[in-house]
Amino acid sequence: MSVKNFIAYPKSTKEFHDIKEAISKYVLPGFIPENKIFGAGDYVMTQGSCFARNIADALGSYNVRATHFNVKEYINTTYANKVFFQYATGYENSIRQRNLETLKNKFSQALFKNLIDGIKLSKVLILTVGVAPCWFEKSTGNVVLDIDKKNLNNYEFKTTGVDWNVKNLLEIIKIVREINPKLHIILTVSPVPLNKSFDMESTVVTDCVSKSVLRVTVHTLLKLGIANLNYWPSFEIVRWIGSHIDPVYGNDDDHPRHVSRDLVAIIVDLFINGFGDDTLEVKG
């Protein structure tokens, strides 16, 4: 972008009165692909937290085949997602024994089969990453998927760095592209706040650091020029545009970590317009 084409931050709060216009003008430039990615009848899979489920549910109202692969917050780190895909695709030798046992004990084989089948069928995978902190064993320094809650002193909760998360996402991309070479991947950072923190005195501050790490991770990844890889800035819409409008969390159920349905509807509508072709329509 040349200096002549710069876009300034909004100069008046009045610019946020039309939320869609504000998002389109100040957030979406640079993220809308030149060619539409999916259309009627295509399979779209989302993976991630409850926000990813909201996206899948909203997409399901259109004439696409949307499915959501649900994961808990502790599996919504880039590392956990990496070993999840490794296990599903037979890369068990790459997974430490303790984490391998966690995967075998907490998830059914049918779940992993559904994941693989979904990737094979899908034209698009929307992969949402949620948190940067992970649990580590103090004795080995190894990251663990699950902890013994009766012996918390054996573990350390640490916010991971950008380089580490970039490597994890690159491995995920490699694995899913082995299953489906034509798969188009759209990354998002979940706007849902971190639930709990054990490494800082403030969960709000931990959440800020966590999301910042993940957003820089995605930015770094996009700079690599990987084919058929996009980013959808739902995080910026909720956290930045959302800070200038009425409360965007808990409007429907008083839950401070749930994004309002009205804003989710706007985000999905803009996503459909940006990535979906003219064959898309709302189901009757």
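Residues numbered from 1 in each chain as written. Predicted model: local features only at pLDDT ≥ 70, side-chain atom pairs only at ≥ 80, totals over all residues. Heavy atoms only, no water.

K.L.:
Honestly, helix α7 (residues 203–222) in this entry has me stumped. Any pointers?
P.N.:
In an α-helix, one full turn covers 3.6 residues, which means residues spaced three or four apart are oriented alike. Taking 1.5 Å per residue, 20 residues should reach 28 Å; α7 reaches 28 Å between its end C-alpha atoms and fits that length. Taken together, the buried positions of α7 are occupied by Thr 206, Asp 207, Ser 210, Lys 211, Val 213, Leu 214, Arg 215, Thr 217, Val 218 and Leu 221. The distance from a side-chain oxygen at the start of α7 to the backbone nitrogen of Val 204 is 3.3 Å, and the residue carrying that oxygen is Ser 202. (Helix = DSSP H or I, 4+ residues; strand = E, 2+ residues; numbered from the N terminus. Expected span 1.5 Å × (residues − 1). Buried < 20%, exposed > 50% of the residue type's maximum accessible area, 1.4 Å probe, protein only. Polar contact = N/O pair within 3.5 Å; in protein donor to acceptor, adjacent residues only side chain to side chain.)

K.L.:
Before we go on, may I ask you to explain the packing of helix α6 (residues 162–179) against α7 in this structure?
P.N.:
How two helices sit against one another is set out by the angle between their axes and by the gap between those axes. Where α6 contacts α7, the two axes come as close as 9 Å, and the packing angle between them is 55°. By the angle between their axes, α6 is oblique relative to α7. In this structure, the crossing between α6 and α7 has a hand that is right-handed. Across from Val 162, Asn 165, Val 166, Leu 169, Leu 170 and Ile 173 in α6, the residues of α7 making contact are Val 213, Leu 214, Val 216, Thr 217, Thr 220 and Leu 221. Among the residues forming the contact of α6 with α7, the class breakdown is 9 nonpolar, 3 polar and no charged. (Axes fitted to C-alpha atoms, helices over the stretch in contact; angles between N-to-C directions. Parallel < 35°, antiparallel > 145°, perpendicular 65-115°, else oblique. Left-handed = near helix turned anticlockwise from the far one by under 90°. Contact = heavy atoms within 4.5 Å. Nonpolar A, V, L, I, M, F, W, Y, C, P; charged D, E, K, R; others polar.)

K.L.:
Got a minute to help me understand the packing of helix α3 (residues 78–88) against helix α4 (residues 97–106) in this structure?
P.N.:
For the pair α3 and α4, interaxial distance at closest approach is 11 Å and the crossing angle is 70°. Taken as axis vectors, α3 and α4 run roughly perpendicular relative to one another. Of the residues in α4, those in contact with Tyr 79, Val 83, Phe 84 and Tyr 87 of α3 are Asn 99, Leu 100, Leu 103 and Lys 104. Among the residues making up the contact of α3 with α4, the classes are represented as 6 nonpolar, 1 polar and 1 charged.

K.L.:
Hey, could you run me through the nonpolar core in this one?
P.N.:
Across soluble globular proteins, nonpolar side chains show a tendency to be buried alongside one another. The biggest cluster of nonpolar side chains holds 42 residues, and the ones touching the most others in it are Leu 103, Leu 115, Val 176 and Leu 187. Among the elements that make up this core, the one with the highest residue count is α3 (7 residues). Other than its neighbours up to four places away in sequence, Leu 115 contacts Met 45, Gln 47, Phe 69, Phe 84, Phe 85 and Ala 88. Counting 33 residues, the second largest nonpolar core, distinct from the first, contains Ile 23, Leu 28, Val 44 and Leu 270. (Core = buried A, V, L, I, M, F, W, Y, C linked by side-chain atoms within 4.5 Å.)

K.L.:
Explanation requested: the packing of aromatic side chains in the structure shown.
P.N.:
Here a ring pair, both rings aromatic, is described through the centre-centre distance and the interplanar angle of the planes. Applying the stated rule across the entire model yields 14 aromatic pairs. Where Phe 69 meets Phe 84, the ring centres are 5.6 Å apart and the plane angle is 65°; that geometry is what we call edge-to-face. Placement of Phe 69 in strand β2 (residues 65–70) and of Phe 84 in helix α3 is noted, with a sequence separation of 15 residues between them. Each member of the pair, Phe 69 together with Phe 84, is buried. Aromatic rings pair up to connect Phe 69, Phe 84, Tyr 87, Phe 107 and Phe 112 into one cluster. Here the guanidinium or amino end of Lys 158 rests over the ring plane of Phe 136, the centre of that ring lying 4.6 Å away. (Phe/Tyr/Trp six-rings, centres within 6.5 Å; stacked < 30°, edge-to-face > 60°. Lys NZ or Arg CZ within 6 Å of the ring centre and 35° of its normal.)

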